Amino acid sequence: MMNDKTWEEAAARWLAETGHKKTHKDDKVKIAWLHPHLAAEPLSRINRDRVDQIMAIKERHGIKPATVNKYLALIRAVLRRACHEWAWLDTPPRLRMRKVHGHRTRFLSRQEADRLILQLPAHLKAMALFSLNTGLRAGNVIHLQWLQVNLNARIAYIHPDQSKNGKAIGVPLNQAALQVLEEQKGRHPAYVFTYKSKPITSTSTRAWYKALQRAGIANFRWHDLRHTWASWHAQAGTPLSVLQELGGWKSAAMVQRYAHLTAGHLLKYAENIVDS
């Protein structure tokens, strides 16, 4: 063992060195939760069994495996850096990640979308329509400013520090998206979407959930508007490579959840086993 450093020291150094990361705030929340369980623990005593005991607390409170894995990934990253970069630990433990089962991607039919749009108040209706026609994430829609929009070129620009993959995204605007923007002109000098002349801070409001109830739509989040946009594209034959670029996904694996919706091009091959 190189040093007798504690988890608290390692976590503090981790936060100091990773302040530039997009996950910094989330890391701080996770480390705060881990603090009473690991703070004074020497790094050399943090093993798989100890971590499993702590994660069992999360699991007893009904936390999903995918969320537990985020905590495990953070612990693993800190311990690996403590070993390989800081020389505070001889060997990092091998932690047991939880198995995450695949889940159905929730998206709306055209009829469901129409019902929902009819029930939304004006400000959320505009944002939902824009989301359904661009696939933008909620945060990008909420914070969209007129400086990011070129109506003549029919493009909206998402800056690198605003995108999930850290790269700039040029978002093509179809006719429906352009119509939404035209209707927002003159409402606010800076922000595209507002409520009572003030920038909007959230989409998942009481008004949103009440509209879902009135429309008879269950098990649906605002982010599922993005899934709906992508699913409609896939069903219409948009190649997954194009969909990846349109949606600003970092890897092709991220759009594979929509692959089954693009199987129409395989139909001609299905006939190959039919007797002639």
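The structure presented is a predicted model; accordingly, all values stated were derived computationally and were not measured. (Residues numbered from 1 in each chain as written. Predicted model: local features only at pLDDT ≥ 70, side-chain atom pairs only at ≥ 80, totals over all residues. Heavy atoms only, no water.)

## Regarding the overall build of the protein
Note the cut-off: By the criteria applied, helices consist of DSSP H or I runs no shorter than four residues and strands consist of E runs no shorter than two, each listed in order from the N terminus. Only C-alpha atoms enter the radius of gyration, while the globule expectation follows 2.2 Å times N to the 0.38, with N the number of residues. Throughout this description, buried means an accessible area under 20% of the type-specific maximum (1.4 Å probe, protein chains only), exposed means over 50%, and partly exposed covers the range between. Contact definition: two residues touch when any of their heavy atoms are within 4.5 Å. Per-residue and other accessible areas follow the Shrake-Rupley method at a 1.4 Å probe size, with only the shown protein chains counted as cover for residues. Charge convention: Lys and Arg are scored as positive, Asp and Glu as negative, and His as well as the terminal groups of each chain are ignored. To locate a charge, the coordinates of NZ of Lys, CZ of Arg, CG of Asp or CD of Glu are taken.
When helices and strands are counted, the protein shows twelve helices and five strands. What you see for the protein is a C-alpha radius of gyration of 23 Å, clearly larger than the 19 Å of a compact globule of 276 residues, by over 25%. Counting across all 276 residues of the protein, residues that qualify as buried make up 41%. Counting only contacts in the protein whose residues sit at least 6 apart along the sequence, the fraction spanning at least 24 positions is 61%. Per element, the accessible surface of the protein, about 16300 Å² overall, is 52% carbon and sulfur. Within the protein, the 21 negative side-chain charges are centred at a point lying 6 Å from the centre of the 42 positive side-chain charges.

## What to know about unusual backbone geometry
A positive phi angle, close to 65 degrees, is found at Ser-197, a residue other than glycine. One can find Ser-197 in the loop between strand E4 (194-195) and strand E5 (198-199). Overall, Ser-197 belongs to the exposed group, its relative accessible area being 53%. Even without glycine at this site, Asn-219 takes up a positive phi of about 55 degrees. Mapping Asn-219 onto the fold places it in the loop between helix H9 (206-215) and helix H10 (224-235). When its relative accessible area of 63% is taken as the criterion, Asn-219 is described as exposed.

## What to know about the packing of aromatic side chains
For clarity, the cut-off: Working definition: rings of Phe, Tyr and Trp (its six-membered ring) pair if their centres are within 6.5 Å, and the pair is stacked with planes under 30 degrees apart, edge-to-face with planes over 60 apart, and tilted otherwise.
Going through the model one piece at a time under the given rule, you end up with seven aromatic pairs. Here the aromatic rings of Trp-33 and Tyr-71 are separated by 5.7 Å at their centres, their planes lie at 70 degrees, and the arrangement is edge-to-face. One end of the pair, Trp-33, is in helix H2 (residues 24-38); the other, Tyr-71, is in helix H4 (residues 65-84), with 38 residues separating them in the sequence. For Trp-33, a relative accessible area of 23% puts it in the partly exposed group. Here Tyr-71 falls in the buried class, since its relative accessible area comes to 8%. With centroids separated by 5.0 Å and ring planes inclined at 55 degrees, the aromatic side chains of Trp-86 and Trp-88 adopt a geometry described as tilted. Using a relative accessible area of 11% as the deciding quantity, one classes Trp-88 as buried. Joined through ring pairs, the aromatic side chains of Trp-208, Phe-220 and Trp-222 make up one cluster.

## Points about the sheet that holds strand E3 (residues 169-172)
The following threshold applies: Any two strands with at least two DSSP bridges between them are considered paired.
Spatially, E1-E2-E3 is the arrangement adopted by the three strands of the open sheet, whose pairing is antiparallel. Sheet topology places strand E1 (149-150) and E3 at the edges, where each strand pairs with a single neighbour. When strand E2 (residues 155-158) meets E3, the two strands line up antiparallel, connected through four bridges. Across the sheet, the residue bridging to Ile-155 is Pro-172, located in E3.

## Quick word on the side chain of Ser-231
Stated precisely, the cut-off is as follows: Distance and chemistry together define a polar contact, namely a pair of N or O atoms within 3.5 Å, with one atom able to donate a hydrogen and the other to accept it when in protein, and with adjacent residues in sequence counting only for side-chain atoms on both sides.
Tracing the sequence through the fold places Ser-231 in helix H10. What makes Ser-231 buried here is its relative accessible area of 1%. Side-chain polar atoms of Ser-231 contact the backbone oxygen of His-227, separated by 2.8 Å. If we skip the residues at most four places from it in the chain, Ser-231 touches Phe-107, Tyr-258 and Leu-261.

Coordinates in, geometry out; function isn't part of it.
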